[in-house]
Amino acid sequence: MNMFKDLASRNEEILIDLNTKELKNMLATGDKDFHFKWQSENGFIISLNFSFGSNVLFDANYPKTKSDIIAEGKIIELNDSESKIILRTKSKYWPIVILFLSILMLIVEWSFDLGIPFLFSLISLISLISLVFYIILVNILKSEDRRLLNRFKFYLNNSIE
């Protein structure tokens, strides 16, 4: 199991049976379950209106977004009646700090051999809690990325019909 693959950015391609002008008009209007902002002529950014990880724990809101769970999108015209949307989520390697701090604490204890059983037990417990917290946090971030992409796809499907 690769503990870090879920932190990498995720790429998705969506084929749409609309030209870019129709697609841009559709994206510019309508009620959305997510935050949408144009970045350039064919580029945009979407974010969750609220995310548990970034709104509650951190004030990590980026300019033009509502939360830390974001995806950058780009519209590419394939022909007069088809377009492709390329979505790329933001990579999230910051939870690794939690994991490495706990490992660093264990290495310091082993290296200096402080000989205090209570301290070693406390450091081991903190390391174990940090590992569990890391796994929970990564799963939350992964599910929120999926939720953002699913909301965007749901919006596209409902708007096209």
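Overview of the structure. Remember, predicted model here, so these are calculated numbers, not experimental data.

1. A word on the pattern of salt bridges
Here the structure, examined in full by the defined rule, presents 5 salt bridges. For Lys 84, the salt bridge goes to Glu 13, with nearest N and O atoms at 3.7 Å. With Lys 84 in strand E5 (residues 82-89) and Glu 13 in strand E1 (residues 11-16), this pair connects stretches of sequence that are 71 residues apart. We classify Lys 84 as buried; its relative accessible area is 18%. Between Lys 24 and Glu 41 there is a salt bridge, and its shortest N-O distance comes to 3.0 Å. One end of the pair, Lys 24, is in helix H1 (residues 20-28); the other, Glu 41, is in the loop between strand E2 (34-38) and strand E3 (43-48), and 17 residues separate them in sequence. Note on Lys 24: relative accessible area 18%, which makes it buried. Overall, Glu 41 belongs to the exposed group, its relative accessible area being 62%. Each of Arg 10, Glu 12 and Lys 153 takes part in one network of salt bridges that share partners.

The rules behind the values
- Residues numbered from 1 in each chain as written.
- Predicted model: local features only at pLDDT ≥ 70, side-chain atom pairs only at ≥ 80, totals over all residues.
- Heavy atoms only, no water.
- Salt bridge = Lys/Arg side-chain N within 4 Å of Asp/Glu carboxyl O.
- Helix = DSSP H or I, 4+ residues; strand = E, 2+ residues; numbered from the N terminus.
- Buried < 20%, exposed > 50% of the residue type's maximum accessible area, 1.4 Å probe, protein only.

The values are spatial; any link to function lies outside them.
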